[in-house]
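# Fold and contact review
Okay, here's what each chain looks like letter by letter:
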Amino acid sequence: MFNKEIIAGFQNHKTPFYYYDLTVLDETLKVINDEIAGFNYKVHYAIKANTNDRILAKIKEYGLGIDCVSGNEIKWAIKNRFEPGKIAFAGVGKTDEEIEYALKTGIFTFNVESLPELEVIDTMAGKMGLEAPIAIRFNPNVNAKTHYYITTGLEENKFGINHWELSALFELLAKLTNIKLLGLHFHIGSQILDLSVFKNLCNRVNDYQREFSDRGIEIHHINVGGGLGVNYQNPDGEPIPDFKTYFQIFKKFLNLRPNQELHFELGRSVVAQCASLISRVLYIKEGIKTNFTILDAGMTELIRPALYQSFHLIQNLSKLNDDPSSKYDVVGPICESSDCFGKAIALPKTERGDIIAIRSVGAYGEVMSSSYNLRDKAAVVYR
Ligand SMILES: *Cc1c(COP(=O)(O)O)cnc(C)c1O
């Protein structure tokens, strides 16, 4: 991702900043479209991963739809010229205002996460003289084998309708007159690297499909959510996730009915690898076991390590050809002990003023930034 010229160009920039390589995004989107070509598959980009308008313009160019989890995300998607008819709307806590706005706008589906939500949407659609397009989000109780905080498909999680609620759901569906059931929706977690998890998901989806067809209910589409992981350890070795194997699992194990569409909601796997957070070393401070490399970027620009103990590759771009010779705790300037990007990280001998890259920050990076400690918003640089 980095060559001498690019790194030399960084010298003139105020740090920290997010560096987006749009060629990586282009290539990623190309692979996605190549892999779904010829299949009745639709990909919605999960906009919560990154709402940057240049990124969205690229994604729009490739014809993806959008997956939203708030009314403002729907507004932002539409402002960025995505068609309402390609927008799915998930979330366990949709407010009346958000529901009303989404109904008026004419989105693709409400991905409904509870029975009370279904009743509220039905009532509101009735008042507006509309029919609400819905998919039911099920909690399939499939272990995503990922970090606890980004697991969403277990019965103990707050997301989706559980299997034991199924008969109550069928009763309710028979009663409600202002909804149109289009799809079955699932999303079991994020940063999933054990792809057998998606095979388990397919098996559960097949079971759910059967329960609906047994009752003579036709389903227009299945939506299997997102969650495909990326290689945070080696972003240069694997800049594009293995979409081929990912889609093959669904081609092989999911029993689609004739003419049924299969929808995906990919977030992280689309955008994670196209960005790095670029910062400068402010100080090297001696510690007891390892020295500290204190950066001018902190958890305000990238909260993932503090929030989920996530790993991001850290590189000293000023010493890219030197061998790692020392270990450093790489930390930010924020007044929190959790403001740490990595402990005992092997780097070349590092000095004040060196340029440091924290890799794979395109997903859940800029979008989760904050002004805590009254920090300035980091700049953005594109290639
Ligand atoms: C966050 C989210 C996604 C995207 O997850 P990734 O792991 O980023 O692919 C998809 N669907 C729903 C409902 C989500 O909440």
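Structure: see above.
Anyway, here's the lowdown on the structure attached to this text. None of these values were measured; they are calculated from a predicted model.

On to helix 3 (residues 53-61). Every α-helical turn comprises 3.6 residues, leaving residues that sit three or four positions apart pointing alike. Buried within helix 3 are the following residues: Ile-55, Leu-56, Lys-58 and Ile-59. Down the axis of helix 3, the buried side of the element spans an arc of 160 degrees, and every buried residue falls inside it. Buried residues in helix 3 make contact with strand 1 (17-20), helix 2 (22-36), strand 2 (41-46), helix 4 (71-79) and helix 10 (268-271).

Let us now look at the pattern of salt bridges. Within the structure shown, the criterion is met by 13 salt bridges. Glu-61 is the partner of Lys-58 in a salt bridge, and the nearest nitrogen-oxygen pair spans 3.4 Å. Of this pair, Lys-58 and Glu-61 both sit in helix 3, three residues apart, which is roughly one turn of that helix. A residue is classified by how much of its surface remains accessible, and Lys-58, at 15% relative accessible area, is buried. A salt bridge links Glu-113 to Arg-137, with the nearest nitrogen and oxygen atoms 2.9 Å apart. With a gap of 24 residues between them, Glu-113 in the loop between strand 5 (109-112) and helix 6 (115-127) and Arg-137 in strand 6 (residues 132-137) connect regions that are remote in the sequence. Residues Glu-113 and Arg-137 agree in their burial class; the two are buried. One continuous salt-bridge network, built from bridges that share partners, spans Asp-26, Lys-58 and Glu-61.

Turning next to the packing of helix 4 against helix 5 (residues 96-105). The N-to-C vectors of helix 4 and helix 5 enclose an angle of 30 degrees; their axes lie 9 Å apart at closest approach. Our classification of the angle between helix 4 and helix 5 gives roughly parallel. Residues Gly-71, Ile-74, Lys-75 and Ile-78 of helix 4 form the contact with helix 5, whose own contacting residues are Glu-98, Tyr-101, Ala-102 and Thr-105. Class assignment for the residues of the contact of helix 4 with helix 5 results in four nonpolar, two polar and two charged.

This part is about the packing of helix 2 against helix 9 (residues 243-253). Following both chains from N to C, one finds helix 2 and helix 9 inclined at 25 degrees, their axes separated by 10 Å at the closest point. Overall, the two elements helix 2 and helix 9 adopt an arrangement that is roughly parallel. In the packing of helix 2 onto helix 9, the handedness of the crossing is right-handed. Contacts between helix 2 and helix 9 involve Thr-28, Val-31, Ile-32, Glu-35 and Ile-36 from the first element and Phe-243, Lys-244, Phe-247 and Lys-251 from the second. Across the contact of helix 2 with helix 9, the residue classes break down as five nonpolar, one polar and three charged.

Once that is clear, we can look at helix 5. For helix 5, the set of buried residues is Glu-98, Ile-99, Tyr-101, Ala-102 and Leu-103. As for helix 5, its buried residues are in contact with helix 4, strand 4 (87-89), strand 5, helix 6 and strand 6. Taken from the residues just after helix 5, Gly-106 is the one with a positive phi, measuring 80 degrees.

Rules of the game
- Residues numbered from 1 in each chain as written.
- Predicted model: local features only at pLDDT ≥ 70, side-chain atom pairs only at ≥ 80, totals over all residues.
- Heavy atoms only, no water.
- Buried < 20%, exposed > 50% of the residue type's maximum accessible area, 1.4 Å probe, protein only.
- Helix = DSSP H or I, 4+ residues; strand = E, 2+ residues; numbered from the N terminus.
- Arc of directions from axis to C-beta.
- Contact = heavy atoms within 4.5 Å.
- Salt bridge = Lys/Arg side-chain N within 4 Å of Asp/Glu carboxyl O.
- Axes fitted to C-alpha atoms, helices over the stretch in contact; angles between N-to-C directions.
- Parallel < 35°, antiparallel > 145°, perpendicular 65-115°, else oblique.
- Nonpolar A, V, L, I, M, F, W, Y, C, P; charged D, E, K, R; others polar.
- Left-handed = near helix turned anticlockwise from the far one by under 90°.

Such coordinate-based values are descriptive only and should not be taken to indicate function.
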